[in-house]
Amino acid sequence: MAVLTRSKTKGADRGKSTVVPRIKRVLLKLPVRELESTIVTDANLVSQAASQLQREQKRQLGQETKIPHPNTRLLKRPDRKRTLCLNQWDVRGKRHCNHHIRHWQTNAPIYRLKGIRLEDLKARSKNDAKEIAQATMDAMESWESDGASGVFQDESGRPLLAYFAQRYDDSSPPPEGTVYYEPGPNTPSAMGRSPADFAQAKNEGKKIHFDGINPNLLNKTLVSTQLLLHHLGIRRSRRDGRHDKADALLRYVKDDAPSSSIDTLSQDSKSFTLHGIEYVYHNNTFTSEATGVIHLVHAWPDQGHSAEKYGIHPSTDMVSSAHGSQFVHKYFEDTKELASLLGSMLQASFPEFYIKYEAAFKAGKWTVVDPGPFLGRAVVWKLDVMPHQDGLDEGPAVIFPMGRFSGGECYLPDLKLKLSYRPGEVIILMAGALYHAIGKWAPLQGISEHGITPGRVGNVFFFPHSSFEVLQDKPAGWALNTAGGLLVDLT
């Protein structure tokens, strides 16, 4: 079955579906071997062609590849004895969270990196060295990844990133004095920090602590995120230099996929046509899902507009429609525990920025159920992430992956670091100064018991610099009371 339009014909042909391309003739750079065929099933080529669709074909394909509704059983609040009100339960959860973070703060090792100076990294022009970063990343592809918690500082002791991952249950404190980390292909295993080292320790019965997001909370967050995107939809930005603009669809193998070849056509095949070539995105073996990014920001300037003159406002995805806004509110409600945990991680690793963020967040927040302190969130739904700097950030950002996938290590070319970055592992980094990217990854097969489709979902919690400049000296509730600065605050 193709994405088709109906043509007006006479006689016996009346009512039959015919393929009528409805887009501008944009030449795709396809291999000759594919152009010679009238049917294309290669996942990359199908995704590239999908990114060129316009108008009605684009809308129809978006409906066909819409993100499915998950099973929301995990989002139901557990039944509790009414000995405590909900706020008291939140306080108890915060206390437990802080206890968890203190263990990381006490036991995670601190490393310095020779020859790295934060002020030099920040002074560079933003995103002008992507090619160099990509070449460094390519050279590091065969390196071992580091899978252990830790703090990485520049040569003067200023924090560059904090990593919340695995840690040995060792009663002895981290070594005192300055310890240098010397990046290299085999450094993680030489220091006992590789994922293989932790796997071996577990097999030997040793206890391993996990400093990241616990699986139950991570699964709840993933369900909440997929629910939000099912109702809100997902979009692609042509101005986004972090992701491949031709990466429009993710293909994954079905649970009940037959043993026949993945390229086999079937009666339930779905396709679209571009320049007379048919592109198959669904059959009895595989299906495809839309990819993209959403930004949930409480307050920032409209693009190309002065914040002083036009004020700061919620991002489009926050208030896209009355229907969507309800699910945005629910998403923030369902992820309060996660936000509190990430805030505690920021406070432990970048305490000065935590104080700045928290005060500015209280001045600028739009959705009252968000505990902060990050003013913005981005959800990267199943896209590849190329080397980039987040040049519009005020300071450190929190990133973490979730989903069902293989691969997906985090590369930091400036530091020659390659981190394992499995679901639930958290990195807090100076994202505006450091190039970072995600390595090759692939979705696992099938859909989970909670209705979660395969693939890698990236999360970014950040604070826009332009918003901070406006909010840093404002009182709590300022953005709401002044319509983002367009009215006089009479409170």
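Computed from a prediction, not measured in an experiment: that's the story for all the values here. (Residues numbered from 1 in each chain as written. Predicted model: local features only at pLDDT ≥ 70, side-chain atom pairs only at ≥ 80, totals over all residues. Heavy atoms only, no water.)

Moving on to the pairing of strand S23 (residues 455–462). Among the eight residues that make up S23, eight are buried, leaving the element largely enclosed by the rest of the structure. Taking every second residue as pointing to the same face, both faces of S23 are buried, with Gly455, Val457, Asn459 and Phe461 on one and Arg456, Gly458, Val460 and Phe462 on the other. When strand S16 (residues 376–381) meets S23, the two strands line up antiparallel, connected through six bridges. Counted as the bridge partner of Gly376 is Phe462 from S23. In this sheet, S23 lies alongside strand S17 (residues 397–407) in antiparallel orientation, the contact comprising seven bridges. Residue pairing across strands places Gly403 opposite Arg456, the latter belonging to S23. (Buried < 20%, exposed > 50% of the residue type's maximum accessible area, 1.4 Å probe, protein only. Helix = DSSP H or I, 4+ residues; strand = E, 2+ residues; numbered from the N terminus. Pairing = 2+ DSSP bridges.)

With that settled, consider helix H6 (residues 130–139). Taken residue by residue, H6 has Ala133, Thr136 and Met137 as its buried positions. The arc that holds every buried residue of H6, seen down its axis, measures 100°, which confines them to one face. Pointing more than 90 degrees away from the buried face of H6 are the exposed residues Glu131, Ile132 and Ala139. (Arc of directions from axis to C-beta.)

Moving on, we come to the pairing of S17. Of all 11 residues making up S17, eight are buried, and the element is well covered by its neighbours. Relative to strand S20 (residues 426–429), S17 runs antiparallel, the two sharing three bridges. Each bridged residue has a counterpart across the sheet, and for Ala397 the counterpart in S20 is Leu429. Note that S17 and strand S22 (residues 441–443) share three bridges and pair antiparallel. Paired with Gly407 across the bridge in S22 is Trp441.

Within the secondary structure layout, Ala359 lies in helix H13 (residues 351–364). Residues Ala359 and Pro373, spaced 14 residues apart in sequence, show a C-alpha to C-alpha distance of 8.0 Å.

Leu45, Val46, Ser47, Ala49 and Ala50 are the residues of helix H2 (residues 43–50) that are buried. Its side-chain oxygen at 3.2 Å from the backbone nitrogen of Asn44, Asp42 defines the N-terminal cap of H2. (Polar contact = N/O pair within 3.5 Å; in protein donor to acceptor, adjacent residues only side chain to side chain.)

Take the side chain of Thr187 next. Inspection of the secondary structure assignment puts Thr187 in helix H7 (residues 187–190). In this structure the side chain of Thr187 is engaged in a polar contact, spanning 3.0 Å, whose partner is the backbone nitrogen of Gly184. Beyond its immediate sequence surroundings of up to four residues, Thr187 is in contact with Glu144, Tyr181 and Glu182. (Contact = heavy atoms within 4.5 Å.)

This next bit is on the pattern of salt bridges. Opposite charge on two side chains permits pairing when their charged atoms draw close. A full pass over the atoms with the stated rule returns 18 salt bridges. When the shortest N-O distance is used, the salt bridge between Glu141 and Lys440 registers 3.4 Å. In this pair, Glu141 sits in the loop between H6 and strand S5 (150–153) while Lys440 sits in the loop between strand S21 (437–438) and S22, placing the two residues 299 residues apart along the sequence. With relative accessibility at 42%, the residue Glu141 sits in the partly exposed group. Overall, Lys440 belongs to the exposed group, its relative accessible area being 68%. Lys206 is the salt-bridge partner of Glu204, the closest N and O atoms lying 3.6 Å from each other. Linked through salt bridges whose partners overlap, the residues forming this network are Arg117, Glu119, Asp120, Asp154 and Arg158. (Salt bridge = Lys/Arg side-chain N within 4 Å of Asp/Glu carboxyl O.)

Strand order across the open sheet formed by three strands is S3-S11-S10, with mixed pairing between neighbours. Of all the strands in the sheet, just strand S3 (39–40) and strand S10 (270–274) have a single pairing partner and so form its edges. As defined by bridge partners, S10 adjoins strand S11 (residues 277–282) across five bridges and the pair is classed as antiparallel. Pairing of Thr273 across the sheet is with Glu278, part of S11. Sheet strands in contact with H2 are S3, S10 and S11, and its direction is about 110° off that of S11. (Axes fitted to C-alpha atoms, helices over the stretch in contact; angles between N-to-C directions.)

With that settled, consider a nonpolar patch on the surface. A cluster of nonpolar side chains, Val319, Trp366, Val368 and Leu480, forms an exposed patch at the surface whose accessible area comes to about 360 Å². In this fold, Trp366 is placed in the loop between H13 and S16. (Patch = residues over 30% accessible without salt bridge, like charges linked within 9 Å, V, L, I, M, F, W, Y side chains within 5 Å. Areas by Shrake-Rupley, 256 points an atom, 1.4 Å probe, with all protein chains shown as cover.)

Quick look at the confidence of the model for the protein now. Of all residues in the protein, 84% attain a pLDDT of 70 or more, and the chain-wide mean is 86. Predicted confidence is poor over residues 1–35, with pLDDT under 50, and the contacts of this stretch with residues over four places away or in other chains come to 59 contacts. (pLDDT = per-residue confidence, 0-100.)

A few words now on unusual backbone geometry. Here the residue pair Gly372 and Pro373 is connected by a cis peptide bond, since its omega of 5° sits within 30 degrees of zero. If you trace the backbone, Pro373 turns up in the loop between H13 and S16. The phi dihedral of Lys382 falls on the positive side, at around 60°, and the residue is not glycine. Structurally, Lys382 is set in the loop between S16 and S17.

Reading across the sheet, the three strands line up as S19-S18-S21 and stay open at both edges, with antiparallel pairing between neighbours. Pairing within the sheet leaves two strands with one partner each, and these edge strands are strand S19 (417–419) and S21. As defined by bridge partners, strand S18 (residues 410–412) adjoins S19 across three bridges and the pair is classed as antiparallel. Residue pairing across strands places Cys410 opposite Leu419, the latter belonging to S19.

Quick look at the packing of helix H12 (residues 336–349) against H13 now. Across the interface, H12 lies against H13 with an axial gap of 5 Å and an inter-helix angle of 130°. Overall, the two elements H12 and H13 adopt an arrangement that is oblique. Residues Gly343, Leu346, Gln347, Ala348 and Ser349 of H12 pack against Pro351, Tyr354 and Tyr357 of H13. In terms of residue class, the contact of H12 with H13 is made up of five nonpolar, three polar and no charged. (Parallel < 35°, antiparallel > 145°, perpendicular 65-115°, else oblique. Nonpolar A, V, L, I, M, F, W, Y, C, P; charged D, E, K, R; others polar.)

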